[in-house]
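An overview of the molecular structure
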Amino acid sequence: MAKQPVLTPQAEDFPRWYQDVVAKAEMADNGPVRGTMVIRPYGYAIWEQMQAEVDRRIKAAGAKNAYFPLFIPEQYLTREAEHVEGFSPELAVVTVAGGKELDEPVVVRPTSETVIGEFMAKWVQSYRDLPLLLNQWANVVRWELRPRVFLRTSEFLWQEGHTAHVSEDDGRRYAERILHEVYASFMRDVLAIPVVVGRKTAKERFAGATNTMTCEAMMGDGKALQMGTSHELGQNFARAFDIQYLDAEGAQQLAWTTSWGVSTRMVGGLIMCHGDDAGLRVPPALAPVQVVVLAVRDDDAVVDRCRSIADELAAAGLRVELDVRVETSMGRRATDWELKGVPVRLELGPRDLAENVVTLVRRVGGGKEPVSLDGVAATVAAALDDAQAALLVEATERRDARTAEVSTIDEAAEAAQAGWARLPWATLGVEGEAKLAEQGVTVRCLVMPDGSLPPGDHAEGALAVVARAY
RNA sequence: CGGGGAAUGGCGCAGUUUGGCAGCGCGCCUGCUUUGGGAGCAGGAGGCCGGGGGUUCAAAUCCCCCUUCCCCGACCA
């Protein structure tokens, strides 16, 4: 029973560790076309949990789901100058279809501001039609130069919200509401990832936006990952697609639009934020499998009791999986569930059964303890709560410990080799931002000292959070 | 696109220098023994050595051309 590591240790090679987890936890495979991925059932179950939680929050914020086409006329993209400039290099374009050269090529959507803008223009006539709050769950294609499973794939799954408002102020409030109430709260409360919510610099802004806001998370190696964004688009797309309404005074006005999204990238962020050398650790609030009940030995009484325990847990509302594959060794099965990051395991063997206990094993924090079979559902629920809280604490402590407060650009570059750095944006400036970029360090976002969003690109007192990023 | 690598059973690799029966580990199948932290033994299946041309009695190995993938940079949810 020689013990050798199942995964490349994080400290040895973090990217390799990440690839190992994706493979061994059966999250995804590379697709046949460069940059594409096959999301396997376990990875997809995690995505479905994310979808369900985010969708609920989006609807609570008043937006309604719709669906717009995959194919977009090429000329739509060209209507907004910055937008086309930003996306042209990564477009997949269909020039032949039905065996014929197309008169006008169609692009596979990289994002849907344009086609949705076109229809907003049709649907919005009066100020009474606003705000128009839409969301869609879809796949998009961006021909990225360096793909990475979940983090940057040629095709990815996401939701994209698109809204139109009567005023700049109304649009801004909604974009900020989505950022805080949908994204940041979901990431904190469900993913157990403490994100920094901030404003992107002009350099990092979405192509066509007047303001881009972001949720930034720190990964296990100290690098940053953008987990979600929300954009104020000003009147740029309203102008390009003629989204006009008649106001209460009978005057034609241009609407103000926003867009916002989170993607399958969050799955990669989840892995890299919470994973350890034994594999993934999934926060219970998200976990497709919260607790797995394992029969330790091939014994009818044990297997039967495992079934009844699983039924009891399911009846208590827990997401439970039964593992009675007694032909496979116990060690192998324990390792597999550990790799998949299931928060709690209940291992039942003849010895436990004789004493009316079951062995509870915690994925977060470790530890095994016999617990009574009486009231086991409540015991498990408490352990899940512990795990949820512990993951958030751990991630928060790491982020804070590895974020340095610095006062010069050189210090920022130095600190960013191992984590994040914060310094006054007035000290860094656009020139400093360019200088850091040469060393692979970017400004992740700007925040006010009290954590609030800076009101402008050069808001008085704003701090820049800088880091290396995925 | 610039700079580095690599392509050999499902996965990871050796073999190429010096041409001579296509191998190893893991995984998979069968059987027995096992099962409380990736079990052991025995037997077995599975490969036009990325593609095309050439040299040679003989090519995974040498030569020419092509393709694809990976890593570092520029782009990015």
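Residues numbered from 1 in each chain as written. Chains lettered and ligands numbered in written order. Predicted model: local features only at pLDDT ≥ 70, side-chain atom pairs only at ≥ 80, totals over all residues.

1. Some points on the protein's contact with RNA strand B
Residues in contact with RNA strand B amount to 44 residues; listed here are only the nearest, Val6, Arg34, Gly331, Gly349 and Arg351. Breaking the surface near RNA strand B down by element, the ones donating at least two residues are strand E11 (224-232), strand E14 (256-263), helix H10 (330-340), helix H11 (350-354) and strand E18 (357-362). At 6 residues, H10 tops the list of elements feeding residues into the surface near RNA strand B. In the surface near RNA strand B, the residues fall into 14 nonpolar, 13 polar and 17 charged. (Near = placed C-beta within 6 Å. Helix = DSSP H or I, 4+ residues; strand = E, 2+ residues; numbered from the N terminus. Nonpolar A, V, L, I, M, F, W, Y, C, P; charged D, E, K, R; others polar.)

2. Re H10
If you check which residues of H10 are buried, you get Arg333, Trp337, Leu339 and Lys340. Burial along H10 is one-sided: seen end-on, the buried residues are contained in an arc of 155°. Buried positions along H10 lie against helix H1 (14-24), helix H2 (41-60), strand E15 (291-295), strand E16 (320-323) and strand E17 (344-348). Where H10 ends, the next residue or the one after it, Gly341, has phi of about 80°, a positive value. (Buried ≥ 20, exposed ≤ 12 C-beta atoms within 10 Å, placed from the backbone. Arc of directions from axis to C-beta. Contact = placed C-beta atoms within 7 Å.)

3. Topic: the sheet that holds strand E19 (residues 368-372)
Hydrogen bonds between backbone groups are what pair the strands of a sheet, and the pairing can be parallel or antiparallel. The strand order E16-E15-E17-E18-E19 describes an open sheet built from 5 strands, whose pairing is mixed. On the outer flanks of this sheet lie E16 and E19, each paired with one strand and no other. Strand-to-strand twist across the sheet, computed as the mean angle between neighbouring axes with direction ignored, equals 25°. Packed onto the sheet, helix H9 (residues 300-315) meets E15, E16, E17 and E18 and runs at close to 170° relative to E15. (Pairing = 2+ DSSP bridges. Axes fitted to C-alpha atoms, helices over the stretch in contact; angles between N-to-C directions.)

4. Digging into the environment of Phe150
Looking at the element boundaries, Phe150 is found in the loop between strand E7 (132-141) and strand E8 (155-165). Its 26 C-beta neighbours within 10 Å are what place Phe150 among the buried residues. Sequence separation of Phe150 and Val447 is 297 residues, and the distance between their C-alpha atoms is 27 Å.

5. Quick look at the nonpolar core
Side chains that are nonpolar tend, in soluble globular proteins, to be buried together. One finds Val293, Leu348 and Val466 to be the most contacted residues of the largest nonpolar core, which totals 130 residues. The dominant element in this core, judged by the number of residues it contributes, is helix H6 (residues 168-189), at 9 residues. Excluding residues that lie within four positions of it along the chain, Val293 makes contacts with Cys306, Ile309, Ala310, Val320, Leu322, Asp323, Leu346 and Leu348. (Core = buried A, V, L, I, M, F, W, Y, C linked by C-beta atoms within 7 Å.)

6. Some details on the domain arrangement of chain A
We note that the domain assignment places domain 1 (14-274), domain 2 (291-386) and domain 3 (403-467) within chain A. The C-alpha centroid of domain 3 is placed 47 Å from the C-alpha centroid of domain 2. (Domains from an automatic or database assignment.)

7. Topic: the pairing of strand E10 (residues 211-218)
The buried fraction of E10 is high, at 8 of 8 residues. For strand E9 (residues 196-199) and E10, the ladder comprises 4 bridges, and the chain directions are antiparallel. For Val197, the partnering residue across the bridge sits in E10 and is Cys215. Judged from the 8 bridges that link them, E10 and E11 form a sheet pairing that is antiparallel. Paired with Asn211 across the two strands is Glu232, which belongs to E11. Hairpin connection, E10 to E11: the antiparallel pair is bridged by 5 residues, and Gly222 has positive phi, about 90°.

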